[in-house]
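# Results of the structural survey
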Amino acid sequence: MRYIAAYLLLQLAEATPSVDSISKVVSAGGVDVDAERIKELLAALEGKSIEQLIAEGSSKLASVPSGGAAPAGGAAAAGGAAAAAEEKKAESEAEESDDDMGMGLFD
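Under an unreviewed UniProt entry, the name given to the chain is 60S acidic ribosomal protein P2, and the source organism is Coemansia nantahalensis.

### What to know about the overall build of the chain
Assigned secondary structure in the chain consists of five helices and zero strands. Secondary structure elements of the chain, listed N to C terminal, follow the sequence α-α-α-α-α. Taking all 107 residues of the chain together, the buried fraction comes to 12%. Pairs at least 24 apart in sequence give 40% of the contacts found in the chain among residues at least 6 apart. Carbon and sulfur atoms provide 58% of the accessible area of the chain, an area that totals close to 8,300 Å².

### Points about the nonpolar core
If you look at the biggest cluster of nonpolar residues, it comprises nine residues: Y3, A6, Y7, L10, I22, V26, I38, L41 and L45. If you list the elements that add at least two residues to this core, you get helix 1 (2-12), helix 2 (19-28) and helix 3 (35-45). Not counting residues up to four positions away in its chain, the partners in contact with V26 are R2, Y3, A6, V31, D32 and V33.

### Details of the packing of helix 1 against helix 3
When two helices pack together, their arrangement is given by the angle between the helix axes and by the axis-to-axis distance. The geometry of helix 1 relative to helix 3 is characterised by a closest axis approach of 10 Å and an angle of 55 degrees between their N-to-C directions. One way to sum up the angle between helix 1 and helix 3 is to call them oblique. In the crossing of helix 1 with helix 3, the sense of the turn from one axis to the other is right-handed. Between helix 1, through Y3, I4 and Y7, and helix 3, the contact on the second element is made entirely by R37, I38, L41, L42 and L45. Split into classes, the residues belonging to the contact of helix 1 with helix 3 amount to seven nonpolar, no polar and one charged.

The rules we used
Residues numbered from 1 in each chain as written. Predicted model: local features only at pLDDT ≥ 70, side-chain atom pairs only at ≥ 80, totals over all residues. Heavy atoms only, no water. Helix = DSSP H or I, 4+ residues; strand = E, 2+ residues; numbered from the N terminus. Buried < 20%, exposed > 50% of the residue type's maximum accessible area, 1.4 Å probe, protein only. Contact = heavy atoms within 4.5 Å. Areas by Shrake-Rupley, 256 points an atom, 1.4 Å probe, with all protein chains shown as cover. Core = buried A, V, L, I, M, F, W, Y, C linked by side-chain atoms within 4.5 Å. Axes fitted to C-alpha atoms, helices over the stretch in contact; angles between N-to-C directions. Parallel < 35°, antiparallel > 145°, perpendicular 65-115°, else oblique. Left-handed = near helix turned anticlockwise from the far one by under 90°. Nonpolar A, V, L, I, M, F, W, Y, C, P; charged D, E, K, R; others polar.

Structure (structure tokens):
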């Protein structure tokens, strides 16, 4: 991911991404550089524009399911929150009854 980010930063700066330029960007962040992985990335991206890569990635993301069960989970979380609130109320009442004994934790 760091190499792709460096590649995109260089593209936005209108610089030609190379093994050396990507290495400089990544190492500026204090990260170790693997030149072989950069070479593989450059080979995979050769001849493709950023717009083309984004379009390909967007089409892949469109096929990923996104939260169909969220409303059911939200309802369950609301019910769990109500139960937790009742438990906390009962717990606080139990703590109040300890105060009636005439002694505290640090007395």
